[in-house]
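A look at the structure
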Amino acid sequence: MNSMHTSQTKTYSVAIIGSGGSGVVTTGQIMLKAIANAGFYGLMSRSSGPQIRGGESAAMLRIGKDPVTCLDDRFDILMAFDWLNSDRFNDEIPLGPNSTIIRDPDAGDIPQELLDSGAAVIDAPLTALSKEIKQGRVNMAGLGFISDLMGIPKEAIQGAVEDTLRRKGPEVTQAAQSCIEAGYHATKTDSTIEKLPAIDNPNPRWNISGNEASGLGAVRGGVRFVAAYPITPASEILEWLAPNLEKVGGSLLQAEDELASVNMIIGGSFGGVPSLTATSGPGLSLMMEGLGLAVTSETPIVVSNVMRGGPSTGIPTKSEQSDLNIALYGFHGDAPHLVLGALDIQDCCFTTQWAVQLTEELQTVAIVLSDQSQGQARAVIDPPPEATAAGVRITAPADSEDYLRYSVTDSGVSPMAIPGTPGGIYTADGLEHNPKGTPSSMAGDHQVQLDKRLRKIVDYNYQDDWAVTRGEGENVIVTWGSSSGASFEAAERLTANGHPTKAVALRLLAPLQIDRLLAQLNGAKRIVVVEQNHSAQFFQYLHANQVLPGEARSLARPGPLPIRPSDIVTFMMEDF
Amino acid sequence: MTCQPPVTPLKAKDYKSQIKPVWCPGCGHFSILSAVTKALAHLALSKEQTALISGIGCSSRLPAYTDVYGFHGVHGRALAVASGLKAARPDLTVLVAGGDGDGFSIGGNHFMHACRRNMDMTYIVMDNEVYGMTKGQASPTTAPDWTQSKLTPHGTGVPSFNPAAIALATGASFVARGFSGDPKTLTQLLVEAIQHKGFSFVQVLSPCTTFRPEQKNWKHEVHDFSGEPTQNSAQAAHNIHVDGGMGVGIIYQAEHPVWEPTPSATHTVDDLNMGFSL
Ligand SMILES: Cc1ncc(C[n+]2csc(CCOP(=O)(O)OP(=O)(O)O)c2C)c(N)n1
Ligand code: SF4
């Protein structure tokens, strides 16, 4: 198979696996910090078994001189602390003849399936090395060992250890640093592992997870009230917001369930405070009635939905892009609203901030779709750009005469009186109403209010933020959300190999920017729609809106395996 | 924004809106509307600093008939909307109103947790032991042998829910019962409830003349609550069970910890940005 790697985007992919308690995730996090200290960008996604605590886990890193937004086709290095249940990760950690497996001879034999990949093997006496050190840990010896092989400067790794373990006290830090030292200087057999180059004058960068980025985006957008019901893989958004919202004068309330959380944020927003909640598929299902209430009562709210495998309880700890349909169509009645998709970890911040700004400005509902693969992954990124929509709620001034909450305006947005405003008293209603807000079942009122609620979101100018487009060419990949990184990379590889390809990643999924998308598709010879779900939800949505020609093809695959650049390249090439 | 009494004192009718209620003639809910507006006038609450939140049902129509900020949400979720509002806007006086179906059946979980959370708000349940709006089905407070609903022709066969006992058991710090047919006492109870710091629960017996015409007899059945108001929850529980459900008055009032947000506003958003910088 031709994976067509371009040389200018040289990256380094490392997977670390081990059973519960072996410290895989900490090792990955320290490594990510270390490569950041050395001036690189990187991505670390994680995978774990179904155990609540202590199950086997994998940390998967990709490191580069430029920002990294998806995992690669293959891993250059696999380091295992043990092989118990390692087979769970066979599909997630593809190896090839150019890969190297680092194994501890004291931890047993490498499973045959991995050796069949043709990967080279390097022995690392991690157990022996760590035994020499008081409170020594195998994972830290491994970290030293691999850092030397990869050419990560020792100061970078020791600094990262210090930073990560400081709160555990000087003894633990000291022991870890001694193990790293031992691993770093241990004798090693020859390896083909390429060393990281030195980076001069690195850019200012951040170390952040997708869920933290969503939380920060919310605060940047002005959110000061959050109601929360925990759910994997969204809880980290809420847990980051709990202390940080308070610091900027906001508050978070833990709800009894998602029926409550969505209605609580409706209450907060009715009170004039921009409000948000975060959840995942099961919670979003419970919220639908409340979301319809927010649409009809024109109360701005944002729901950040971090997708996992569905339906039902599905696969809570793993990623899938399968909540597009419920986000688009889950409401009863005609309920125009916004659906946005964050394109990568950095974009979780921008898109959430933008969603808050848009809902405030348009007095509507936004569902922001992220997923486990970016929410619970961590990356070294450029500082996220600020979203720049006006983002200001139009409120009613005090003592307006004959105030009408749902007055019919050209834009469809009506000034909203915030409790406390004299002369603005009204009752918000989920019953269809007349411009004053009084319940009405008259055909005329229904028509006028439906028109207004639709008009305000379809007539709005979303500027260039509706999508991110990279490359030019007669081949076009159309995608959204976390499939964007692999799509951009696939387009780059195809272009570099003489098949000019453009990738269009939609950030604004509803209202669909039909004319803008058609302009991007103009002249395309081949169109492939890429998404991570079983029923090609995005492909069907685009077809329903008549933006795709009959020949457009769908690359839709359910989670939890990520869609890799080579999957897209291969699929595209089938048609050449 | 603090609650300052307005310069010219407002009368009860100033708290009423121009909208004519959709309620049936003789419905108990009319008197509750009057008592609410009288209590607001008595306390001289600023109209724009007061919010009345409801769910769905005949009773939940209340907000639009008053002249304070209102939110008429979906069935069963009034307490959630109100809790979010109060958390985001602690300066407002928050009242919540609805029916027994809205509050105890579809909204039962929120009822328990609102009592536990003990946020400073007043919850008025207009209890007619029936689903009025959907034309006469049994509610959680309906007696098990009531056979007049097409949905449960043999009666529900399920013991009825005891709102005061549940409120007490789940942590409400003010529990009272009123009767729409005794608006004077009801107004006083509402005044006390609104003034109480914490979650105040007022169950108001409110006849549904259309689907429970026999409730016209309630005026002969209600009586002063047989126990004294107490801050001893075991005593209150005992009193509730001895009383039998038709006693009017304050049942329990005590100081419990009140859930309040604790914003500190010590940082800027840029400080949070910098937390991620290498
Ligand atoms: C989710 C949902 N389920 C069912 C209904 C139908 N419904 C409307 S009001 C109501 C019950 C109202 O009874 P109650 O709360 O006791 O108030 P009342 O009308 O008696 O004052 C029901 C079941 C609804 N509106 N929404
Ligand atoms: S149906 Fe019953 S509760 Fe509803 S308005 Fe009529 S009398 Fe009142």
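None of these values were measured; they are calculated from a predicted model.

Criteria and cut-off values
Residues numbered from 1 in each chain as written. Chains lettered and ligands numbered in written order. Predicted model: local features only at pLDDT ≥ 70, side-chain atom pairs only at ≥ 80, totals over all residues. Heavy atoms only, no water. Helix = DSSP H or I, 4+ residues; strand = E, 2+ residues; numbered from the N terminus. Rg over C-alpha atoms; globule rule 2.2 N^0.38 Å. Buried < 20%, exposed > 50% of the residue type's maximum accessible area, 1.4 Å probe, protein only. Contact = heavy atoms within 4.5 Å. Areas by Shrake-Rupley, 256 points an atom, 1.4 Å probe, with all protein chains shown as cover. Lys, Arg positive; Asp, Glu negative; His and termini not counted. Charge placed at Lys NZ, Arg CZ, Asp CG, Glu CD. Salt bridge = Lys/Arg side-chain N within 4 Å of Asp/Glu carboxyl O. Buried area = accessible area lost by both parts, 1.4 Å probe. Polar contact = N/O pair within 3.5 Å; in protein donor to acceptor, adjacent residues only side chain to side chain. Nonpolar A, V, L, I, M, F, W, Y, C, P; charged D, E, K, R; others polar. Pairing = 2+ DSSP bridges. Domains from an automatic or database assignment. Axes fitted to C-alpha atoms, helices over the stretch in contact; angles between N-to-C directions. Parallel < 35°, antiparallel > 145°, perpendicular 65-115°, else oblique. Left-handed = near helix turned anticlockwise from the far one by under 90°. Near = heavy atom within 4 Å. Patch = residues over 30% accessible without salt bridge, like charges linked within 9 Å, V, L, I, M, F, W, Y side chains within 5 Å. Phe/Tyr/Trp six-rings, centres within 6.5 Å; stacked < 30°, edge-to-face > 60°. Lys NZ or Arg CZ within 6 Å of the ring centre and 35° of its normal. Core = buried A, V, L, I, M, F, W, Y, C linked by side-chain atoms within 4.5 Å.

A few words on the overall build of chain A. Helix and strand content of chain A: 18 helices and 21 strands. Relative to the 2.2 N^0.38 estimate, which gives 25 Å for 576 residues, the radius of gyration of chain A is 25 Å and therefore close to what a compact globule would have. Within chain A, the fraction of its 576 residues that count as buried is 62%. Long-range contacts, defined here as pairs at least 24 residues apart, represent 74% of the contacts in chain A between residues at least 6 apart. Just so you have it, chain A exposes about 20900 Å², and 49% of that area is on carbon and sulfur atoms. Between the mean site of the 42 positive side-chain charges and the mean site of the 65 negative ones, chain A shows a separation of 4 Å.

As a further point, take the pattern of salt bridges. For the structure shown, the criterion picks out 34 salt bridges over all chains. Here R117 of chain B and E256 of chain A are joined by a salt bridge, their closest N and O atoms 2.6 Å apart. Here R117 of chain B is found in helix α4 (residues 108-117), whereas its partner E256 of chain A is found in the loop between β9 (251-254) and α9 (258-270) on a different chain. A cluster of three or more residues bridged by salt bridges with shared partners is formed by E474, K525, R526, R553, E574 and D575 of chain A.

A common way to express how large an interface is: the accessible area buried when the components associate. If you look at the interface, chain A gives 57 residues, while chain B gives 48 residues. Its largest share of buried area at the contact with chain B, chain A owes to K247, E256 and I425 of chain A, together 15% of the area lost on that side. The interface formed by chain A and chain B contains one salt bridge. Joining chain A to chain B, the criterion identifies 23 residue pairs in polar contact (both at pLDDT 80 or more). Elements supplying a minimum of two residues to the side of chain A that touches chain B: β7 (206-209), α7 (210-221), α8 (235-247), β9, α9, α10 (281-297) and β15 (427-429) of chain A. In terms of residue count, the dominant contributor to the side of chain A that touches chain B is α9 of chain A (eight residues). Each residue belonging to the side of chain A that touches chain B can be placed in one class, and the counts come to 28 nonpolar, 18 polar and eleven charged. Here three bridges tie β15 of chain A to strand β2 (residues 69-72) of chain B, and the two strands are oriented parallel to one another. Bridge pairing in β2 of chain B places A428 of chain A opposite F71 of chain B.

The next point concerns the domain arrangement of chain A. All names here are of chain A. In terms of domains, chain A is made up of domain 1 (3-185), domain 2 (207-381), domain 3 (394-460) and domain 4 (465-573). Summarising the inter-unit geometry, the C-alpha centres of domain 1 and domain 2 are found 33 Å apart. The interface is formed by 16 residues belonging to domain 1 together with 13 residues belonging to domain 2. Between domain 1 and domain 2 lies a buried interface of about 1000 Å² when both sides are counted; carbon and sulfur atoms form 56% of it. Counting the contacts that link domain 1 with domain 2 gives one salt bridge. Among the ionic pairs, K318 bridges to E92, the shortest N-O distance being 3.1 Å. The tally of links between domain 1 and domain 2 comes to four residue pairs in polar contact (both at pLDDT 80 or more). Residue assignment for the side of domain 1 that touches domain 2 shows that the elements contributing at least two residues are α1 (24-37) and β2 (41-48). Residue contributions to the side of domain 1 that touches domain 2 peak at eight residues, all from β2. Looking at the side of domain 1 that touches domain 2 residue by residue, the classes come out as seven nonpolar, six polar and three charged.

So, on to the packing of α4 of chain B against helix α5 (residues 163-170) of chain B. All names here are of chain B. Here α4 crosses α5 at 45°, and the two axes come no closer than 8 Å. By the angle between their axes, α4 is oblique relative to α5. Crossing of α4 against α5: the hand is right-handed. Taking contact as the criterion, the partners of F111, M112, C115 and R116 in α4 are, on α5, P163, I166, A167 and T170. Broken down by class, the residue content of the contact of α4 with α5 amounts to six nonpolar, one polar and one charged.

This part takes up the site of ligand 2. The local shell around ligand 2 consists of W23, C24, C27, H29, C58, N128, C208, T209, T210 and F211 of chain B. For the shell around ligand 2, the per-class residue count stands at six nonpolar, four polar and no charged.

Attention shifts here to the sheet that holds strand β11 (residues 301-307) of chain A. Strand pairing in a sheet takes place through backbone hydrogen bonds and is either antiparallel or parallel in direction. Residue and element names in this part refer to chain A. Here we have seven strands laid out as an open sheet, ordered β9-β8-β10-β11-β13-β12-β19, and mixed in their pairing. With partners counted over all chains shown, the strands left at the sheet margins are β9 and β19 (508-510), one partner each. Each strand of the sheet is rotated relative to its neighbour by a mean of 25°, with strand direction disregarded. For strand β8 (residues 225-228) and β9, the ladder comprises four bridges, and the chain directions are parallel. Bridge pairing links A228 to Q254 in β9.

Lining the immediate environment of ligand 1, one finds 18 residues, of which C58, S59, G101, D102 and G132 of chain B sit closest. Flanking ligand 1 are residues from chains A and B. D100 of chain B has a polar side-chain atom sitting 3.3 Å from an oxygen atom of ligand 1. A distance of 3.0 Å separates an oxygen atom of ligand 1 from a polar backbone atom of M133 of chain B. Sort the elements by how many residues they give to the shell around ligand 1 and helix α3 (residues 100-106) of chain B lands first, with four residues. Among the residues forming the shell around ligand 1, the class breakdown is six nonpolar, nine polar and three charged.

Together, D87, D91, E113 and D116 of chain A line one region of the surface with negative charge. On the secondary structure map, D87 of chain A appears in the loop between β4 (77-80) and β5 (100-103).

Turning our attention to the packing of aromatic side chains. Given two aromatic rings, their pairing is described by the distance between the two centres and the angle made by the two planes. For the coordinates displayed, the defined rule picks out 22 aromatic pairs over all chains. Pairing F104 of chain B with F201 of chain B gives two aromatic rings, centres 6.2 Å apart and planes at 75°, and the pair type is edge-to-face. With F104 of chain B in helix α3 and F201 of chain B in strand β6 (residues 199-205), this residue pair connects regions lying 97 residues apart in the sequence. Residue F104 of chain B is classed as buried on the basis of its relative accessible area of 5%. The structure contains a cluster of three or more aromatic residues connected by ring pairs, namely F270, Y403, Y406 and Y426 of chain A together with Y69 and F71 of chain B. The lysine or arginine in question, R205 of chain A, covers the ring of Y41 of chain A, its NZ or CZ lying 5.9 Å from the ring centre. Sitting over the face of the ring of F488 of chain A, R470 of chain A holds its NZ or CZ atom 4.2 Å from the ring centroid.

Residues and elements named next belong to chain A. Where helix α4 (residues 138-150) meets helix α6 (residues 170-185), the axes come as close as 6 Å, and the angle between the chain directions of the two elements is 40°. When the axes of α4 and α6 are compared, the pair comes out oblique. In this structure, the crossing between α4 and α6 has a hand that is right-handed. In this structure, α4 contributes M140, A141, L143, G144, F145, S147 and D148 to the contact, and α6 contributes A176, C179, I180, G183 and Y184. Split by residue class, the contact of α4 with α6 holds eight nonpolar, three polar and one charged.

Okay, the nonpolar core next. In this structure, I93, L291, V478, L517 and F538 of chain A together with I53 of chain B are the most contacted members of the largest nonpolar core, which totals 165 residues. Examining the composition of this core, we find that nine residues originate from one element, helix α12 (residues 345-362) of chain A, more than from any other. In this view, I93 of chain A contacts A15, I17, A58, M60, F75 and L78 of chain A; residues no more than four positions away in its chain are not counted. Grouped together as the second largest cluster of nonpolar side chains are 46 residues, A59, M79, L149 and A176 of chain A included.

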